[in-house]
6 protein chains.
Amino acid sequence: MERNDGRANDQLRPVKITRHYIKHAEGSVLIEMGDTKVICTATVEDKVPPFMKGEGKGWITAEYGMLPRSAATRIPREAAKGKIGGRTYEIQRLIGRSLRAVVDLEALGERTVTVDCDVIQADGGTRTASITGAFVALVDALRHQVDQGVLEKFPVLDYMAAVSVGKVNGEILLDLAFSEDSVAEVDMNVVMTRGGKFLEIQGTAEGSPFDREELEKFLEMAGKGIQQLIQAQMEVLGE
Amino acid sequence: MERNDGRANDQLRPVKITRHYIKHAEGSVLIEMGDTKVICTATVEDKVPPFMKGEGKGWITAEYGMLPRSAATRIPREAAKGKIGGRTYEIQRLIGRSLRAVVDLEALGERTVTVDCDVIQADGGTRTASITGAFVALVDALRHQVDQGVLEKFPVLDYMAAVSVGKVNGEILLDLAFSEDSVAEVDMNVVMTRGGKFLEIQGTAEGSPFDREELEKFLEMAGKGIQQLIQAQMEVLGE
Amino acid sequence: MERNDGRANDQLRPVKITRHYIKHAEGSVLIEMGDTKVICTATVEDKVPPFMKGEGKGWITAEYGMLPRSAATRIPREAAKGKIGGRTYEIQRLIGRSLRAVVDLEALGERTVTVDCDVIQADGGTRTASITGAFVALVDALRHQVDQGVLEKFPVLDYMAAVSVGKVNGEILLDLAFSEDSVAEVDMNVVMTRGGKFLEIQGTAEGSPFDREELEKFLEMAGKGIQQLIQAQMEVLGE
Amino acid sequence: MERNDGRANDQLRPVKITRHYIKHAEGSVLIEMGDTKVICTATVEDKVPPFMKGEGKGWITAEYGMLPRSAATRIPREAAKGKIGGRTYEIQRLIGRSLRAVVDLEALGERTVTVDCDVIQADGGTRTASITGAFVALVDALRHQVDQGVLEKFPVLDYMAAVSVGKVNGEILLDLAFSEDSVAEVDMNVVMTRGGKFLEIQGTAEGSPFDREELEKFLEMAGKGIQQLIQAQMEVLGE
Amino acid sequence: MERNDGRANDQLRPVKITRHYIKHAEGSVLIEMGDTKVICTATVEDKVPPFMKGEGKGWITAEYGMLPRSAATRIPREAAKGKIGGRTYEIQRLIGRSLRAVVDLEALGERTVTVDCDVIQADGGTRTASITGAFVALVDALRHQVDQGVLEKFPVLDYMAAVSVGKVNGEILLDLAFSEDSVAEVDMNVVMTRGGKFLEIQGTAEGSPFDREELEKFLEMAGKGIQQLIQAQMEVLGE
Amino acid sequence: MERNDGRANDQLRPVKITRHYIKHAEGSVLIEMGDTKVICTATVEDKVPPFMKGEGKGWITAEYGMLPRSAATRIPREAAKGKIGGRTYEIQRLIGRSLRAVVDLEALGERTVTVDCDVIQADGGTRTASITGAFVALVDALRHQVDQGVLEKFPVLDYMAAVSVGKVNGEILLDLAFSEDSVAEVDMNVVMTRGGKFLEIQGTAEGSPFDREELEKFLEMAGKGIQQLIQAQMEVLGE
């Protein structure tokens, strides 16, 4: 069975990462994975949350939003509803944790990096695109701190990127578009380092439990996709 | 005294309107006025607010937002604060009123058009850029309704656009950038039709009251700028 | 065509300003413009908002509310809804800006004056009545500060007042009552100083765009009304 | 020991009830008890809360608010804080219960009366003044319903009023002013009918538990005060 | 007429107080009165609310909640609704006031005790059970402070407990179960000390005003019930 | 290195599941895993969320809360803060998804089961204990529906339970207590069916990325633990 856009099962959508997308931010990126487009910015501030004061360590946190018309049907604005929904919280916690996992928070010192991921057009995989793009924005913002002499040492420890895999109509697919994601039997988001280690695995059976063997295949395919994404990050970052 | 970007006092910043910017929306535009960039989308829904039910008329409403890092300093997300601020309300009420003023709401029937204006990069004049861009998104969305046979008659009555004028260091300037706006003695937003009539005038003395003669000059200059913006709208809309 | 209450087109409703209306406040006024009645109080506190600390300047801010039954139909309490609506925000921002425009904030020192305008009975023009009444409450509160020796210099620079004008059935009217305001084709609020200069102009075409000539007439009529209101302020303030 | 205002221990402050105070409301009252001033309005609507639909009975509910500068120190607006405080809830529940206790809710039919009590100046006893004033507003609103032919039968069963009593410096006092209330050892609010029966007793020991004998004296004194208040209600209502 | 559970009119339901119910809290109790079950915990913190700083006195505050399925019909979670309801506020204010009335706040020093009362199963009388149980948790938490040498003197001045009384079908009953409470003509909550003095009386006529004679009977019966509850507290506290 | 409580690395804490814990709920359980104690109730209602109306399918949703003093340090009540935090949302979404994965939602018909998981004492693993306990409450509630003749067919498809695994000081441990969880290098929650298939895997590297080999070990250990938990469920459910 062919995918809607003719991709092979283990093929990523076209990836495009544009750096310096927003002029005000220390780090800012537009990441496009097919029709999914996310603006990621990284802001460095000289403060930490109250519970971390005096510990000599930094913090990285993420916020996520979708423009109302990023989706096929208009999504009511969370600001207008007066509260952030559960899905948004879940995603921003995932982005934040993933980024923190590759940063030496002590080398960051008592600073907070806030990464904002705003989806301007959504076609599946917004959380994984956010992570992959946010990493580049983070690198730019922290390189800027090093260049300014604020940080002595560049505190990012490793490359990382994220991708989704899933089972659709019994087939295992990489980088699901919305039309695939919405009928997936299994949906899994994987975050890995350049060295192929896991930072996060979040797999959910949507109606069809999966076994160990299938899990192997999901992870195998995710791993390959992530290495390609890291390649794209390295190219755009000039390495 | 020369302006930061070398413009003449009565000169607009470069204007660029990109139609069909977001694939999901019936009408969607990226408007750029210099470094100010706003995504405007128009969504048509077959319902009206409760207070208008059964009156056979439509409604046009606007929502406005700024991405956290659209500004030089990160703006806390209104969704995270759990409420919309006064400035946001003021702006979205202005956009909504201005658009309604050029639409035949009876010809629209019991439908609501929600126009979302999301600032991705801010450099002054976001509310006037939003109005100018929203008009184009609105036209596209309503033309689409006519093409689909949903509307018999195209309900937009006239072209309209908006621009800011102000007094800075005693000089009257058109289309203020942020660096000008933040030190302006008078700040005025004007919304006009193609025929040169006023839809909205909002003028504020920031520390220096202005007289009738100055008002004349503000309106003269705004009028010229608006005609150029309407020219840009007409070109991009193929008229 | 005659107005409901038999007034001439350019005639204000009867104005009555009662000082010292609430015993606790440094400045407090009941302003009545026909059936519109607003309690305005001014409270001086020895602090400024965080963003102004250490600048040696003061701040003036306004809050506005309507008692639930000030209107013909009961208005749900904003406290019960848990948020302030867009119209309220718009009005309180207008009142605050207008008052700040006639006060020397440096002479005020690091103090905040909070002006509360609470409508106990509404019949159109509540925002302009609020501004006119708030000015008197502000003067009383700041005179009190001078009398107490807290302020060396009385920081109010000029008299000011506000009035509405509008076009109803093609006629230009001063000081619209609710029955006029609700069917107006153009609705304009003007804030001016004693010297006849503008502090704010907010004009809105409700269905019928207006031209430069009409604007002239609106402003002419508003100017005359405002001078009468300032006369009333001066009388009650004993000048 | 003499009271601040020279009253006898068992003496009410001067009571003044002004009917038809707000022109829009079916029933509206300004009640003054000394320097405590409360606007009470009663609004009748042809609907009941969801949990009462179809039961053929009506409902009476109350809301309470204080203008920010009704008190010696400015009280932040609950609308601005985005929530109603515990004290406000407690008071509006008390007012609502007390009024419902003297109304035949079946004779009211499926209608809701919302009583708004807004304190414009506070000097102790605002909740009891609210109840006493609200009763008169309620009577006026329901008489109006009878006059209009909406209600066949006047559904109010009995007169009622409320007063505070307390122990201050060991003395038992009626109708406490703020200066007394703030140092009271016991604080009690009593709501009674014309026939001398209790609708509500809320007594609180603030640091000094009270015994049965003292309770007798509190209730004796409250009873006398309430009969005088009911007398004032009857006079103003023309009975 | 017999009560549902066969109790005499002046008979309490079986009372069981389990100390040290939650391992983390300085004081924690499960109180059961028949089928009403409440977990009460007391937490001591070295801080006071802002309005009390520097006064050398402590504070005791209470919070109250019901698990969603503590009641026959699921109660929506207040956290999900985003606000605390009026009934909850009323109850937690009552618990806090009652506890403060038997504690020497100066002996407590600048510390806050927060008492949490969470109803896990409700069958009427949850507020009075909360007070009776909270007292024991408070004693345990403060004894712990004395044992730790934090407090020199045990600051609890007297035993206290609470019970409900009411009139149901014309009969006066002690300790109402939900099936009785929901049809009561009079509902009264009483908080008393071991010495038989009143800390709180909250009596409400639900449709049937009560007279002085009935009040006497309510208080007589409540007094007896409370002495039994205090007996149960003393036993479990080992006195 | 020995675990704090002397357990083997692959040993669960003592598990105790008490059915019918809350008398009002159709299904209710107290689950204890060591010192972690959670009350789980299941409520069946004859309605579905608006987005599912008319589809002939049911819905299962979960809510999660912690009593303020369930933890070593008092957690501020989410109801008092006026919003649910990100962690809570994440957990309740996980519980809901996991339960839905083993229920035939069509056999459930247009009904909603709301599962409430309230932690009364927390010592690590509250989300997995919630899932394991919630399953039993759900079975009881749905059996009750079958017994009542409401459901023709018992819609639960398979047993399921959840457990945590993690890496602490380089060792892989089953069912982490709080003292272990708070220093874990890897933290993973696994939800599996009786047949050993996965419903959810959520693994997070807290500072130390993990490889495929370690993942194998985590899943192996989790699988064994889950089978023991399912054994406990079956025993208590009488199978």
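Since this is a predicted model, take the numbers as computed values, not measurements.

*Asks:* Please clarify how unusual backbone geometry should be interpreted in this entry.
*Replies:* The bulk of non-glycine residues show a negative phi, and the bulk of peptide bonds are trans. All names here are of chain E. Phi is positive for Asp175, close to 55°, though the residue is something other than glycine. Along the polypeptide, Asp175 turns up in the loop between β7 (171-174) and α5 (178-181). Note on Asp175: relative accessible area 1%, which makes it buried.

*Asks:* Would you mind going over the relation of the copies chain F and chain E with me for this structure?
*Replies:* With an axial shift of 0.0 Å and an RMSD of 0.0 Å, the rotation relating chain F to chain E amounts to 180°. One copy is carried onto the other by what is essentially a two-fold rotation axis. Same-surface contact between copies: 100% of interface residues of chain F are shared with the interface of chain E.

*Asks:* What is the right way to look at the relation of the copies chain B and chain A in this model?
*Replies:* Two copies of a chain can be linked by a rotation about an axis combined with a shift along that same axis. Mapping chain B onto chain A calls for a rotation angle of 180° and an axial translation of 0.0 Å; the resulting RMSD is 0.0 Å. An overlap of 100% is found between the interface residues of chain B and their copies at the interface of chain A, pointing to a shared contact surface.

*Asks:* How should the confidence of the model for chain A be read in this particular structure?
*Replies:* Note: predicted coordinates in regions of low pLDDT should not be interpreted at a detailed level. Per-chain confidence: chain A averages 96 in pLDDT, with 100% of residues scoring 70 or above. Across the predicted assembly, pTM comes out at 0.93 and ipTM at 0.95.

*Asks:* Teacher, can you tell me more about the UniProt feature "domain: Exoribonuclease phosphorolytic" (unreviewed entry) in chain A here?
*Replies:* Residues and elements named next belong to chain A. UniProt's feature table lists "domain: Exoribonuclease phosphorolytic" (unreviewed entry) at residues 11-141 and 158-224, given in the numbering used throughout. Annotated as residues 11-141, this span is 30% helix and 31% strand, and its ends, taken at the C-alpha atoms, are 30 Å apart. Helix makes up 25% of residues 158-224 and strand 43%, with an end-to-end C-alpha separation of 17 Å.

*Asks:* Looking at this structure, how should I read helix α4 (residues 126-147) of chain B?
*Replies:* Each full turn of the α-helix corresponds to 3.6 residues, which orients residues three or four apart in the same direction. Residues and elements named next belong to chain B. Counted at 1.5 Å a residue, the expected span for α4 with its 22 residues is 32 Å, and the 31 Å between its end C-alpha atoms agrees. Among the 22 residues in α4, 18 count as buried, and that is most of the element. Trailing α4 by a residue or two, Gly149 shows a phi angle of about 80°, which is positive.

*Asks:* I keep staring at the arrangement of the chains and nothing clicks. Help me out?
*Replies:* Regarding chain A and chain D, the two do not touch, and the least distance separating their C-alpha atoms is 11 Å. Note that chain C does not reach chain F: the shortest distance linking a C-alpha of one to a C-alpha of the other is 11 Å.

*Asks:* Help me out: how do you make sense of the interface of chain B and chain A in this one?
*Replies:* One frequently used descriptor of interface size is the decrease in accessible area upon assembly of the parts. Counting from both sides, the interface comprises 36 residues of chain B and, opposite them, 36 residues of chain A. Contact between chain B and chain A buries roughly 2900 Å² in total, counting both sides, with carbon and sulfur atoms accounting for 51%. Linking chain B with chain A are 14 salt bridges, by the criterion used here. Between Glu26 of chain A and Arg69 of chain B there is a salt bridge, and its shortest N-O distance comes to 2.7 Å. Our count for the chain B to chain A interface comes out at 25 residue pairs in polar contact (both at pLDDT 80 or more). Split into classes, the residues belonging to the side of chain B that touches chain A amount to 16 nonpolar, eight polar and 12 charged.

*Asks:* Please clarify how the packing of aromatic side chains should be interpreted in this entry.
*Replies:* Two measures describe an aromatic ring pair: the distance that separates the ring centres and the angle between the ring planes. Residues and elements named next belong to chain B. Taken as a whole and assessed by the stated rule, the structure comprises 27 aromatic pairs over all chains. A centroid spacing of 5.3 Å and a plane angle of 45° characterise the contact between Phe135 and Tyr159, whose relative ring orientation is tilted. Highlighted residues: Phe135 in helix α4 and Tyr159 in the loop between α4 and β6 (160-168), separated in sequence by 24 residues. Judged by its relative accessible area of 9%, Tyr159 falls in the buried class.

Cut-offs applied
Residues numbered from 1 in each chain as written. Chains lettered and ligands numbered in written order. Predicted model: local features only at pLDDT ≥ 70, side-chain atom pairs only at ≥ 80, totals over all residues. Heavy atoms only, no water. Helix = DSSP H or I, 4+ residues; strand = E, 2+ residues; numbered from the N terminus. Buried < 20%, exposed > 50% of the residue type's maximum accessible area, 1.4 Å probe, protein only. Least-squares fit on C-alpha atoms with pLDDT ≥ 70 in both. Contact = heavy atoms within 4.5 Å. pLDDT = per-residue confidence, 0-100. UniProt positions renumbered as here; feature names shortened; annotations may be inferred. Expected span 1.5 Å × (residues − 1). Buried area = accessible area lost by both parts, 1.4 Å probe. Salt bridge = Lys/Arg side-chain N within 4 Å of Asp/Glu carboxyl O. Polar contact = N/O pair within 3.5 Å; in protein donor to acceptor, adjacent residues only side chain to side chain. Nonpolar A, V, L, I, M, F, W, Y, C, P; charged D, E, K, R; others polar. Phe/Tyr/Trp six-rings, centres within 6.5 Å; stacked < 30°, edge-to-face > 60°.

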